[in-house]
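Residue strings, one per chain:
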Amino acid sequence: MTFNELQIIDPILKAIELANYNTPTPVQTETIPLILDGKDILASAQTGTGKTAAFAIPILQKIYQNRDQQALRKIKALILTPTRELANQISENFTRYSRFLNLKNTAIYGGVHQRKQESILYKGVDVLIATPGRLLDLMNQNIIHLNQVEYLVIDEADMMFDMGFIKDVNKIIESVPKNKQTLLFSATISKEIEHLAKNILLNPIRIEIAPEVITLDVITQSLYLISKKQKTALLIELIKTENITSVIVFMRTKHSCNRVVQELVKAEIKAEAIHSNKSQAHRERALLNFKKGRLTVLVATDIAARGLDIKALDVVVNYDLPETPETYIHRIGRTGRAGLSGRALSFCSYEEKSLLRTIEKQIDQKLNIVDHPFSNEELTAKFIDKPKQKKSNQQRANKLVLNKPKNGSSPNKQKSHTASDKSTYKPKSNNAYSNTTTSNKNSKSAWQKSSKNKPTYNQKVYNKSNNNQTSYEEKITLVNIKSS
Ligand code: AMP
């Protein structure tokens with residue numbers, strides 16, 4: 001499939017060519033024709049799949065084809081997104097694809113003075129990309145009117161829920177004309193998202209792009225057992241001795257991000273933090289510096305790092321183990337992309353032992369414990385699982401008596417039942433994420449299962465890895481890192 005075959009108009013094709021996109025990604029192949037055809041869409045697609053272009057290109061095309069050159073610019077498309085970074089990223093995308101269309105877009109978000117945004121809005125824009133809070137603010141001040149909106153996109157809908165924005169989103173939707181085309185994008189489709197979709201979409205087509213398959217085999221996962229208070233010292237040691245020049249360090253809290261950055265800077269390592277308490281200007285500068293290789297370490301919370309267009313890395317560090325194994329896989333999937341190898345270093349204190357065990361269970365492998373300058377035998381010993389002691393004959397006999405079923409069936413029978421249960425257990429493949437993907441693919445969504453009184457949805461399920469993605473995959477560039 002080529003962009004040409006997707007019936008995209010020449011000025012956009014020219015812009016796509018300049019962006020060096022050779023082939024449409026699966027989400028683009030599927031959604032562009034449907035959006036051009038006026039359909040509402042519910043798509044589960046994560047950042048990194050090319051989903052922004054999947055909605056930006058057809059929206060621009062439709063606005064361009066229906067434009068009235070004499071009329072003043074009015075907001076024809078509204079894109080709602082949860083964070084400032086995503087708003088800027090989406091705006092950059094719209095600008096890239098509309099360079100030959102004479103259509104204008106702008107991004108508005110909180111945390112910065114509204115005056116500059118106001119003056120751009122007064123001049124008129126065709127596409128508005130907004131975070132909900134600032135948009136409502138400007139609507140309440142009568143600076144923004146949404147009565148001409150024909151296309152509404154809700155991007156990263158699950159994150160809108162996570163960040164508590166959904167009430168604002170609903171208020172905004174009420175101010176947009178009923179007769180519009182609505183596109184809902186979410187990394188995951190939870191019950192809440194299904195409910196939202198049911199309320200705001202009209203006969204939608206459901207598209208499911210499986211998350212990028214993360215091949216754990218190519219990622220060397222190492223475990224550093226370390227006390228909480230020595231983690232920063234270990235980080236500094238590793239960066240210095242292993243010549244790490246570009247690494248994302250994932251942390252659980254904003255406060256600890258700041259503390260670690262201070263320590264790194266004291267040790268003369270260029271580091272910045274990104275999290276939601278940092279100013280917009282700071283976050284943008286930090287991200288740019290990191291992408292350009294002017295910063296060695298980007299210390300980030302999961303929320304702040306989510307959705308950021310940072311290409312594959314050689315090394316990621318889990319300074320704190322994440323609360324869920326999925327987050328672990330997502331974090332380490334930042335490395336080892338495009339067929340290249342990568343390293344994920346996890347720092348684990350005794351308090352995090354149960355999180356470690358959950359992760360190991362999910363990926364079906366034990367992480368490799370690495371010896372390091374702060375290794376502590378006592379701590380290591382606490383992580384080594386003691387082999388189960390063989391029970392004495394007397395103990396076994398006692399157990400059999402205790403377990404003897406009331407109905408008189410023999411304890412031996414019970415025993416053999418357990419044994420046969422065990423023999424049917426099949427170990428998971430090494431690639432836990434690809435397992436998840438397959439099961440997504442095969443299992444019916446909750447929506448389908450309980451679709452009694454619901455409108456019909458056409459569901460398409462795609463696995464990114466199953467498509468011919470060579471040129472797209474090849475485009476993924478490595479950012480400026482070389483580990484020793
Ligand atoms: P997104 O999922 O929209 O955040 O896009 C992720 C990255 O993929 C961005 O850097 C896009 O510029 C890039 N991208 C989007 N579509 C294509 C394509 N068809 N070919 C190559 N790169 C693309």
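See above for the structure.
These lines cover the structure that appears in this document, whether it is placed above or below. (Residues numbered from 1 in each chain as written. Predicted model: local features only at pLDDT ≥ 70, side-chain atom pairs only at ≥ 80, totals over all residues.)

Right, let's talk about the packing of helix 3 (residues 51-65) against helix 4 (residues 84-97) for a bit. Angle between the axes and distance between the axes are the two parameters that describe a pair of packed helices. For the pair helix 3 and helix 4, interaxial distance at closest approach is 10 Å and the crossing angle is 45 degrees. It follows from the interaxial angle that helix 3 and helix 4 lie oblique. In this structure, helix 3 crosses over helix 4, and the sense of that crossing is right-handed. Of helix 4, the residues touching helix 3 (which contributes T52, A53, A56, I57 and L60) are I90, N93, F94 and Y97. Residue composition of the contact of helix 3 with helix 4, by class: 7 nonpolar, 2 polar and no charged. (Axes fitted to C-alpha atoms, helices over the stretch in contact; angles between N-to-C directions. Helix = DSSP H or I, 4+ residues; strand = E, 2+ residues; numbered from the N terminus. Parallel < 35°, antiparallel > 145°, perpendicular 65-115°, else oblique. Left-handed = near helix turned anticlockwise from the far one by under 90°. Contact = placed C-beta atoms within 7 Å. Nonpolar A, V, L, I, M, F, W, Y, C, P; charged D, E, K, R; others polar.)

Let us now look at the sheet that holds strand 9 (residues 247-251). Read from one edge to the other, the open sheet built from 7 strands follows the order 10-11-9-12-13-8-14, with strand pairing classed as parallel. Both outer strands of the open sheet, strand 10 (271-274) and strand 14 (368-369), are each paired with one neighbouring strand and no more. Strand contacts of helix 10 (residues 231-241): strand 8 (219-225), strand 9, strand 11 (297-301), strand 12 (315-318) and strand 13 (342-348), with the helix running at about 155 degrees to strand 13, the strand carrying the most contacts. (Pairing = 2+ DSSP bridges.)

Ranked by size, the top nonpolar core spans 67 residues in total, and within it L78, Y97, A130, V153 and L184 carry the most contacts. Looking at this core element by element, the count peaks at 7 residues for helix 3. Look past the residues within four positions of L78 in its chain and what remains in contact with it is L128, A130, L146, V149, L152 and V176. Counting residues in hydrophobic clusters, the runner-up holds 47 residues, among them A271, A273, F290 and I359. (Core = buried A, V, L, I, M, F, W, Y, C linked by C-beta atoms within 7 Å. Buried ≥ 20, exposed ≤ 12 C-beta atoms within 10 Å, placed from the backbone.)

Another point: helix 11 (residues 254-266). For helix 11, with 13 residues, the first-to-last C-alpha span of 19 Å sits near the 18 Å given by 1.5 Å per residue. Those residues of helix 11 lying buried are C257, V260, V261 and L264. Around the axis of helix 11, the buried residues are gathered within 105 degrees of arc, so they sit on the same side. When the buried face of helix 11 is taken as reference, the exposed residues oriented beyond 90 degrees from it are H255 and K266. Each element contacted by the buried residues of helix 11 is listed here: helix 10, strand 9, strand 10 and strand 11. At the exit of helix 11 stands E268, carrying a positive phi of roughly 65 degrees. (Expected span 1.5 Å × (residues − 1). Arc of directions from axis to C-beta.)

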